[in-house]
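Breakdown of the fold
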Amino acid sequence: MIKVKILGISGTPIKGGNCDKMVQKSLEARTELADVETEFVTLADKEIAMCEHSQWCMENMSPCRIKDDAPAIYDKIEQSDGLILGSPT
């Protein structure tokens, strides 16, 4: 059988906070289903820079020149079949 991969991303700046817990709980519910693999990522401990709108990526047809944790997260998103996104309000 094909295994489905679901990625949960919590966008809160507070590690272990309510947003993290809600995304983790949602992922736990998915693991009860057969053939589902989950992964959790919190942005609380990641360095994600704001876009500078330099157009470097467009001019060079290349990923952003800013070196941060975003490319690794993009890779995880590409490898996933589904996403659960959590954001504080």
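Located above this text is the structure these notes cover.
Residues numbered from 1 in each chain as written. Predicted model: local features only at pLDDT ≥ 70, side-chain atom pairs only at ≥ 80, totals over all residues. Heavy atoms only, no water.

1. Concerning the overall build of the protein
Regarding its fold elements, the protein presents three helices and three strands. Reading the secondary structure of the protein in the N-to-C direction produces β-α-β-α-α-β. Rg of the C-alpha trace for the protein: 15 Å, well past the compact-globule value of 12 Å for 89 residues, more than 25% over. Seen through its C-alpha atoms, the protein measures out along the principal axes to roughly 45 × 35 × 20 Å. Going through the 89 residues of the protein one by one, you find that 24% of them count as buried. Put simply, of all contacts in the protein between residues at least 6 apart along the chain, 64% involve residues at least 24 apart. (Helix = DSSP H or I, 4+ residues; strand = E, 2+ residues; numbered from the N terminus. Rg over C-alpha atoms; globule rule 2.2 N^0.38 Å. Buried < 20%, exposed > 50% of the residue type's maximum accessible area, 1.4 Å probe, protein only. Contact = heavy atoms within 4.5 Å.)

2. Digging into the pattern of salt bridges
Under the criterion given, the structure shown has six salt bridges. Across the pair D45 and K46 runs a salt bridge whose closest N-O atoms are separated by 3.0 Å. E52 is the partner of R65 in a salt bridge, and the nearest nitrogen-oxygen pair spans 2.7 Å. One end of the pair, R65, is in the loop between α2 (56-60) and α3 (70-78); the other, E52, is in the loop between β2 (36-42) and α2, with 13 residues separating them in the sequence. (Salt bridge = Lys/Arg side-chain N within 4 Å of Asp/Glu carboxyl O.)

3. Focus: a nonpolar patch on the surface
Together, Y74, I77, L83 and L85 make up an exposed nonpolar region whose accessible area comes to about 410 Å². When residues of the nonpolar patch are traced back to their parent elements, those giving at least two are α3 and β3 (82-86). Take L83: it is sitting in strand β3. Taking the relative accessible area as the measure of exposure, L83 reaches 41% and is therefore partly exposed. (Patch = residues over 30% accessible without salt bridge, like charges linked within 9 Å, V, L, I, M, F, W, Y side chains within 5 Å. Areas by Shrake-Rupley, 256 points an atom, 1.4 Å probe, with all protein chains shown as cover.)

4. Overview of the pairing of β2
One face of the sheet, then the other: side chains in a regular strand alternate in exactly this way. In this sheet, β2 lies alongside strand β1 (residues 4-10) in parallel orientation, the contact comprising seven bridges. Bridge pairing in β2 links I6 to T38. Viewed along the sheet, the connection from β1 through helix α1 (residues 18-31) into β2 turns out right-handed. (Pairing = 2+ DSSP bridges. Right-handed = clockwise from strand over helix to strand, strands pointing away.)

5. Some thoughts on the environment of L85
With respect to the helices and strands, L85 occurs in strand β3. Among the residues examined, L85 registers a relative accessible area of 62% and is labelled exposed. Taking the C-alpha atoms as reference points, L85 and M22, 63 residues apart in sequence, are found 9.8 Å from one another. Filtering out sequence-adjacent residues up to four positions away, L85 remains in contact with I9 and V23.

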